[in-house]
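Structural overview
Here's the letter readout for the chains.
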Amino acid sequence: MLRVHAEGTERPVGWLGALVQDGIGAALRAMHADVGRRWTLDELAAVGHMSRSAFAAAFKARVGTAPLTYLIEWRMSLARDALRSDTRSISELAAVTGYESESAFSTAFRRVVGTSPRYFRDEARAAETAPRPGAR
C-alpha cells in the first residue's frame, strides 16, 4: 500500500520516497528484512547495484541520514517497541538487532535514546501501570 501511494505521488520524499527508487529502495528493504545482519556500507551499496560513494550520497539525499545511521535508528525504534511490550530480554534484543553483546547494544541504545534499555523498559512499565488522569 505504501509503495502504491509513493508511486502515485509526484515526488515522494523521505524513506517512503526512497522505497520506490531501485537502488535505495532495495537497500532499505534488505535492512528491514534482516535487521540483525551486520550490514556494511559496501554490502548495502551492492544490494542497490551502486558504488559505495554514489549509494551513500543518494541515500543521504533521499532519506535524510547516512545509511548506517538510519540502520541504527531503525534498530533502536524496534528495540523501544520491544522494550515497551516486554517481549524479549535485553540480551535477546541485542542479538536480534545485530549486536554481539548486551553491552554493545546498551551503549548504542543509550547514545540514540538517551537512557539505558533497562531504564527505558522500567519507565515504560511504570507509565503503563500509573493511574490515568481523570480515571476513577
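Below you will find a few notes about this structure.

How each quantity is defined
- Residues numbered from 1 in each chain as written.
- Predicted model: local features only at pLDDT ≥ 70, side-chain atom pairs only at ≥ 80, totals over all residues.
- Heavy atoms only, no water.
- Phe/Tyr/Trp six-rings, centres within 6.5 Å; stacked < 30°, edge-to-face > 60°.
- Helix = DSSP H or I, 4+ residues; strand = E, 2+ residues; numbered from the N terminus.
- Buried < 20%, exposed > 50% of the residue type's maximum accessible area, 1.4 Å probe, protein only.
- Salt bridge = Lys/Arg side-chain N within 4 Å of Asp/Glu carboxyl O.

Regarding the packing of aromatic side chains
All chains considered together, the criterion is met by 5 aromatic pairs. Ring geometry for Phe55 and Phe59: centres 5.6 Å apart, planes at 50°, overall tilted. Here the residue Phe55 and the residue Phe59 both occupy positions in helix α5 (residues 52–63), the gap between them amounting to 4 residues, near one helical turn. Taking 5.8 Å as the distance between ring centres and 65° as the angle between the ring planes, the aromatic pair formed by Phe59 and Tyr70 counts as edge-to-face. Highlighted residues: Phe59 in helix α5 and Tyr70 in helix α6 (residues 67–85), separated in sequence by 11 residues. You can call Phe59 buried: its relative accessible area is 0%. Residue classification places Tyr70 among the buried residues on the basis of a relative accessible area of 10%. Of the aromatic side chains, those joined through ring pairs into one cluster are Tyr99, Phe105, Phe109 and Phe120.

Some details on unusual backbone geometry
Even without being a glycine, His49 presents a positive backbone phi close to 55°. Along the chain, His49 falls in the loop between α4 (41–47) and α5.

Observations regarding the pattern of salt bridges
Tallying each qualifying case throughout the model produces 5 salt bridges. In this structure, the salt-bridge partner of Arg38 is Glu100, at a minimum N-O distance of 2.6 Å. With a gap of 62 residues between them, Arg38 in the loop between α3 (22–33) and α4 and Glu100 in the loop between α7 (90–96) and α8 (102–113) connect regions that are remote in the sequence. Residues Arg52 and Asp42 are paired through a salt bridge, measuring 3.5 Å at the closest nitrogen-oxygen approach. Remark: Asp42 occurs in helix α4 and Arg52 occurs in helix α5; sequence separation between them is 10 residues. Of the residues examined, Arg52 reaches a relative accessible area of 47% and is grouped as partly exposed. When its relative accessible area of 45% is taken as the criterion, Asp42 is described as partly exposed.

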